[in-house]
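An overview of the molecular structure
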Amino acid sequence: MTDVLAYARDDAGTPPSLVPDYGSTLLRAPRQPLLRVPQTLTETTGPGPGGAWERLMGASLADLTTQHGGAPIGQRIVVSGRVLDEDGRPVPDTVMEIWQANAAGRYVHVRDQWDAPLDPNFTGAGRVVTDAEGRYRFVTVRPGAYPWGNHRNAWRPAHIHLSLLGPAFATRLVTQLYFPDDPLIEIDPIANAVPMPYRQRLVSRFDMATTEPNRALGYLFDVVLKGRDQTPFEDDHHD
Ligand SMILES: [Fe+2]
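Residues numbered from 1 in each chain as written. Predicted model: local features only at pLDDT ≥ 70, side-chain atom pairs only at ≥ 80, totals over all residues. Heavy atoms only, no water.

**Quick look at the coordination of the iron ion**
Where we set the bar: Distances decide who is a donor: an N, O or S atom must be within 2.8 Å of the metal, or within 3.2 Å for Na, K and Ca. Water is not included, so sites may look incomplete. The geometry test gives tetrahedral to four donors whose angles all lie between 85 and 135 degrees, gives square planar to four donors and octahedral to six donors whose opposite members are over 155 degrees apart with all other angles between 65 and 115, and gives irregular to the rest. To qualify as a helix, a DSSP run of H or I must reach at least 4 residues; to qualify as a strand, a run of E must reach at least 2; elements of each kind are numbered from the N terminus. In this scheme, a residue with accessible area under 20% of its type's maximum is buried, one over 50% is exposed, and one in between is partly exposed, where area comes from a 1.4 Å probe on protein chains only.
Protein ligation of the iron ion involves Tyr 107 (OH), Tyr 146 (OH), His 159 (NE2) and His 161 (NE2), the donor distances falling in the range 1.9 to 2.2 Å. Classification of the site at the iron ion rests on its four donor atoms, whose angles at the metal span 90 to 160°, yielding the label irregular. The motif formed by the donor residues of the iron ion, counted along the single chain, is Y-x38-Y-x12-H-x1-H. Of this pair, Tyr 107 sits in the loop between β2 (95–100) and β3 (125–129) while Tyr 146 sits in strand β5 (residues 146–147), placing them 39 residues apart in sequence. On the accessibility criterion, Tyr 107 (15% relative accessible area) is buried. Note on Tyr 146: relative accessible area 12%, which makes it buried.

Below is the structure:
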């Protein structure tokens, strides 16, 4: 029988629901006090290891630059890192979903109609699974900045959207990866909704060691998911 261990409810790095400078939160932020959902087996478990992700979602899509007949326009990059929990333990066998705009800042989406070209060789969607040490790696092109209607002359910094479920539904994290040399980050209401020092964790790090000669620049990005309420011990056996 597997113990049901609750996950931490402390969300110190989570942005508040209501951020007035980020206009759409005015419409969607809850106006009633939040209810706590009890953490049952449903919330504290997930699909788990042993190829469960592949069976549920299909094979991984780790290279976003080879999904069509030719190479997409843009700067090819490798993004890699580790997924860890708050106790520093690797999170193995967990899926990371990836979506992003193309190098011109345009999404393949009916709602995205701004005046930037689509790229027939780039969809902007991928999926990878962490290995036994919690490592992941994917290849893509660096996305472009794009305008959004939040306020006059509003531009999103270049970013890659990431969704991680982690070991259980209670640990799901949806976040964005930014790039270290981007002046738009400091004037972006979405990035600035995340309190410091957690905001710094959203910025990837240029890494010469993972840059591939004559092929791609490398960026490192580690992700930290919620830990347990109580730290479980590896050798904590129950008979
Ligand atoms: Fe976006």
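**Here's the deal with the packing of aromatic side chains**
In this description, an aromatic ring pair is defined by two values, namely the gap between the centres and the angle between the planes. Note the cut-off: What counts as a ring pair is set by centres within 6.5 Å for rings of Phe, Tyr and Trp (its six-membered ring), and what kind of pair is set by the plane angle: stacked under 30 degrees, edge-to-face over 60, tilted for all other angles. For a ring to carry a charge above it, either NZ of a lysine or CZ of an arginine must fall within 6 Å of the ring centroid while also lying within 35 degrees of the normal to the ring plane.
Counted by the stated rule, this structure contains six aromatic pairs. Seen in terms of ring centroids, Tyr 107 and Tyr 146 are 5.3 Å apart; in terms of plane orientation they differ by 70°. Their pairing is edge-to-face. Residues Phe 179 and Tyr 219 carry aromatic rings whose centres are separated by 5.1 Å and whose planes lie at 85° to one another, so their mutual orientation is edge-to-face. Within this pair, whereas Phe 179 is found in the loop between β8 (173–178) and α4 (189–192), its partner Tyr 219 is found in strand β10 (residues 217–220), the two being separated by 40 residues in sequence. Like Phe 179, the residue Tyr 219 is buried in the burial classification. By the ring-pair criterion, three or more aromatic residues cluster together here, those being Phe 179, Phe 206 and Tyr 219. Arg 156 extends its terminal NZ or CZ atom over the ring of Trp 148, reaching a point 5.8 Å from the ring centre.

**A look at the layout of surface pockets**
Selection rule: A pocket, in this scheme, is an open set of points on a 1 Å grid over the protein atoms alone with protein on both sides within 12 Å along at least 5 of 7 lines, while a cavity is a set where a 1.4 Å probe fits but cannot get out; residues line either one if an atom lies within 4 Å of a point. Grid points are joined across faces, edges and corners, and a volume is the space filled by probe spheres set on the points. Side-chain classes are defined by residue name, with Ala, Val, Leu, Ile, Met, Phe, Trp, Tyr, Cys and Pro counting as nonpolar, Asp, Glu, Lys and Arg as charged, and the others, Gly among them, as polar.
Computed from the structure, the largest pocket encloses a volume of approximately 1,700 Å³. Looking at the largest pocket, it is lined by 47 residues, and the ones nearest its centre are Asp 11, Thr 14, Pro 15, Arg 172 and Leu 173. Counting only elements with at least two residues in the lining of the largest pocket, the list comes to α1 (25–28), β8, α4 and β11 (223–225). Examining the composition of the lining of the largest pocket, we find that five residues originate from one element, β8, more than from any other. Looking at the lining of the largest pocket residue by residue, the class counts come to 27 nonpolar, nine polar and 11 charged.

**Points about the nonpolar core**
The following threshold applies: Residue types Ala, Val, Leu, Ile, Met, Phe, Trp, Tyr and Cys, when buried and joined through side-chain atoms within 4.5 Å, form a set referred to as a nonpolar core.
Residues Met 96, Phe 138 and Leu 162 are the most contacted members of the largest nonpolar core, which totals 22 residues. Taken together, the elements giving at least two residues each to this core come down to β1 (76–85), β2, β4 (135–141), β7 (159–164) and β11. Judged by nonpolar contacts, the second largest core, of 11 residues, contains Trp 148, Tyr 178, Ile 190 and Ala 193.

**Structural notes on a nonpolar patch on the surface**
This is how the line gets drawn: Here, patches come from residues exposed beyond 30% relative accessible area and free of salt bridges, joined within 9 Å for like charges and within 5 Å for nonpolar side chains (Val, Leu, Ile, Met, Phe, Trp, Tyr). Only the protein chains shown count as cover for residues, with accessible areas throughout obtained via the Shrake-Rupley method and a probe of 1.4 Å. Throughout this description, the term salt bridge denotes a Lys or Arg side-chain nitrogen within 4 Å of a carboxyl oxygen of Asp or Glu.
On the surface, a nonpolar cluster with roughly 330 Å² of combined accessible area is contributed by Leu 18, Leu 26 and Leu 27. Judged by its relative accessible area of 46%, Leu 18 falls in the partly exposed class.

**Some thoughts on the pattern of salt bridges**
Evaluated as defined, the whole model comprises six salt bridges. Residues Glu 212 and Arg 137 are paired through a salt bridge, measuring 2.4 Å at the closest nitrogen-oxygen approach. Taken as a pair, Glu 212 in the loop between β9 (205–206) and β10 and Arg 137 in strand β4 lie far apart in primary sequence, 75 residues in all. Its salt-bridge partner being Arg 215, residue Glu 212 comes within 3.4 Å of it at the nearest N-O pair. Overall, Glu 212 belongs to the partly exposed group, its relative accessible area being 24%. Through salt bridges with shared partners, one network takes in Asp 63, Arg 137, Glu 212 and Arg 215.

**Side note on the sheet that holds β2**
Note the cut-off: When DSSP finds at least two bridges between two strands, those strands are taken to pair. The angle between two axes is taken between their N-to-C directions and runs from 0 to 180 degrees, where each axis is a line fitted to C-alpha atoms and a helix contributes only its stretch in contact.
One open sheet accounts for four strands, arranged β3-β2-β7-β8; its pairing is antiparallel. Strand pairing shows two members of the sheet lacking a second neighbour, β3 and β8, which therefore form its edges. Across the sheet, the mean angle from the axis of one strand to that of its neighbour is 25°, orientation sign disregarded. In the sheet, β2 pairs with β3 via five bridges, with the strands oriented antiparallel. For Glu 97, the partnering residue across the bridge sits in β3 and is Arg 127.

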